[in-house]
Structure formats: C-alpha cells, structure tokens
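Topology and contacts: notes
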Amino acid sequence: MTTEKDVLTALSHVKDPELGRDLVSLNMVKNVRISEGLATFTLELTTPACPLKAQIEREAVAAVRSLPGIDRVEVDLTSNVVARRRPGKIAVDKVRNVLCVASGKGGVGKSTVTVNFSVALGAPIVWRGPMVGKLISDFLRQVDWGDLDYLVVDLPPGTGDASLTLIQQVPLSGVVIVTTPQEAAVTTAGKALHMFKGMDVPILGIVENMSGFACPHCGVAVDIFAKGGGKEAARELKVPFLGEIPLDPDIRASGDHGLPFVLADPESQGARAFHSVAEQVAARISIENARDLQGFVILGDRRITPA
Ligand SMILES: Nc1ncnc2c1ncn2[C@@H]1O[C@H](COP(=O)(O)OP(=O)(O)O)[C@@H](O)[C@H]1O
Ligand SMILES: [Mg+2]
C-alpha cells in the first residue's frame, strides 16, 4: 500500500533545478492525500512567475505516478513569496520584496523595461520623480501598498543620492541593471553594478534593451546598436544575464501612449521577451532569498537552526 509518506519520499527525489534542492526539504509540498489510486498534493512555489513551473510539475507528477497503486495524480500549484529581511534595515510594511532597476546612463530604456516587466509580475512601480535622499525611503514606508510580493523602484540613472539612501535603509531584494548593447552603455552599466555589489545588494542580473531590430518591411534583423554587449558583460562580471529586448518602434509608441507594451501587444516577440525577463528576475529573487535560509533545517512547517 502506497502511503502519503511514500509520496513525500518520491517527491524528495525531485529537485527545484534553480534552488538546487529537493521539493520536500524546500518545504514546497503540502496537503498530500491518497484516495483510491488518486494522489493529490499542493506544490507551493517560491514565486507565481516561476519560469520552471511546468518542468517542476511534470517531474513531480512523474515521480508520484510511478508509485505502485497510483494511477492518477493531481497537483495544485500555488506560490508563497518569501519576504526579504536584512539586519538593521526596516522592511516596507506588507511588501515582501523591494527591487530596483538601475542603469549607468539615461535613455537606455530603463523606465520602459521597468514598466513592462512590472506589469508581467503584476507589481506596482515607484518613480523616483523629484524625490531625493531620505524622502524616497520615507515615501515607501508612508504609502499603504497593500499586500505585495514585489515592489519595483525605477531609480534615476547613475549612482546618486536616491540609490544610496535606498540601499542603506530598505532591505532590497536586488537590482536589475539595464543596458543597451553599445560599449559605452555597457561600461557605465558595469560601474553602476559595482556600486551595488560593493554595498551588498544582490545583482539579479543584466537586461540588454534595444537589442537588434527586425526590419518591419523585410523582417531581416539589423543590429543597430550592435548586439551581445549585455550578455558579454554579464559573463565577464559573473552575474546572470536576464534576456534581450528587441528595438521595436511599437515599444516606443506604446510607451508614448502610456500603455505598457506587454498589454498593448501581448503576443509579440517583445512582450514575450519582457515576460521572460520578469520570470528570470522572480527566479533570481527566490534564489537569493533561499540562500538566506540555508542556515536552517526545514522540518514540516518549522524552520530549525542547527545547533
Ligand atoms: N526596446 C525598445 N524599442 C524601441 N524604443 C524603446 C525601447 N526601449 C525604450 N525605448 C524608447 O527609448 C526612449 C528612452 O526610454 P526610457 O525608458 O525613457 O529610458 P530611460 O528610463 O533609461 O531614460 C523612450 O522614448 C522609449 O519609448
Ligand atoms: Mg527613465
């Protein structure tokens, strides 16, 4: 007779490929039930935007399906985004992760990328606007953002006052760096990245924007600003590469009309690229937050610190 414990044992051989640990020790498996050959359980992912959702589900189903006496498996996929905490820093009420988007210089499409990938996550965005220094972290704390998995801050370009205060006062889940492919943009992006790294902010990765242009008349791809600079920089700086967003006149047009491109043209290549970046960012945050938990052993619902 296959028992619920056997189901857990089977699932303890399935790994989350990104977190590198098995689903059971990651505490992702809940509500295991067996009834007349049907096994049901809940898989609680670390983010609703998990890029490997389908793969994890498939492997989990296969593992349980192979148990004797089980002929049907039903999985309920949910998510529970962990809140980032940092000693000495005060979290924003009810907001589990504050992440920021930065660039070395202006005009590289940082705001465009921020808006679109925020929509892809369902996350609100904060514009710095005229806020400087301490005002930005006061503002983050004074607004009731509601119950939020992610809040994205569109930082001003470069490494100014607003960035520094945010880093010092808010437990940031990480920073996404946006660059265009040209060498000059990549070089300034590298400088911004070093500033964040030096202040112990996790680098979630680099996005290359305005990467290649598909001619609307003949469809041939033209690399107006060259291509691959972002990827190359990510490799050199040993940080994740989050993806490429094509140069597309429709992206500019929808931005001008105040409608995020992922909503204006959801099936386009550009929209798919923004979604993919959002999934990569969400996955990186899960990885960073899981790293924090490695000092714990997870037993059922309890986290126990080893003696
Ligand atoms: N992938 C893209 N394709 C076409 N136009 C883009 C793209 N990304 C940004 N733009 C346009 O480039 C200009 C600068 O983008 P913006 O997001 O304001 O840059 P930043 O915030 O870095 O200063 C805007 O007019 C925007 O619509
Ligand atoms: Mg901007």
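Above this text sits the structure in question.
Residues numbered from 1 in each chain as written. Chains lettered and ligands numbered in written order. Predicted model: local features only at pLDDT ≥ 70, side-chain atom pairs only at ≥ 80, totals over all residues.

A few words on the environment of Gly190. By the secondary structure assignment, Gly190 is in helix H6 (residues 183-198). Along the chain, Gly190 and Gly104 lie 86 residues apart, while their C-alpha atoms are 7.4 Å from each other. (Helix = DSSP H or I, 4+ residues; strand = E, 2+ residues; numbered from the N terminus.)

In spatial order, the strands read E3-E4-E5; together these three strands make up an open sheet with mixed pairing. Strands at the two margins of the open sheet, each flanked by one partner only, are strand E3 (29-35) and strand E5 (72-79). Put simply, the sheet's adjacent strands are angled 15° from each other on average, direction ignored. Pairing between strand E4 (residues 38-45) and E5: eight bridges, direction parallel. For Leu43, the partnering residue across the bridge sits in E5 and is Leu77. Across the sheet, helix H1 (residues 4-11) lies against E3 and E4, angled at about 130° from E3, the strand it touches most. Set on the sheet, helix H2 (residues 53-65) makes contact with E4 and E5; between it and E5 the angle comes to about 145°. (Pairing = 2+ DSSP bridges. Axes fitted to C-alpha atoms, helices over the stretch in contact; angles between N-to-C directions. Contact = placed C-beta atoms within 7 Å.)

The next thing to look at is the pairing of strand E12 (residues 241-247). Every other side chain in a regular strand lies on the same face of the sheet, so the side chains alternate between the two faces. Among the seven residues of E12, five are classified as buried, and the element is accordingly described as predominantly covered. Pairing of strand E10 (residues 203-214) with E12, which is carried by five bridges, proceeds in the parallel orientation. Along E12, the bridge assignment pairs Ile206 with Phe241. (Buried ≥ 20, exposed ≤ 12 C-beta atoms within 10 Å, placed from the backbone.)

Before going further, it helps to spend a moment on the site of ligand 1. As a structural note, the neighbourhood of ligand 1 is formed by 16 residues, with Gly109, Lys110, Ser111, Thr112 and Gly255 the closest of them. When residues of the shell around ligand 1 are traced back to their parent elements, those giving at least two are helix H3 (110-121), E10, E12 and helix H8 (249-256). Here the residues of the shell around ligand 1 are counted per class, giving five nonpolar, eight polar and three charged. (Near = placed C-beta within 6 Å. Nonpolar A, V, L, I, M, F, W, Y, C, P; charged D, E, K, R; others polar.)

Coordinates in, geometry out; function isn't part of it.
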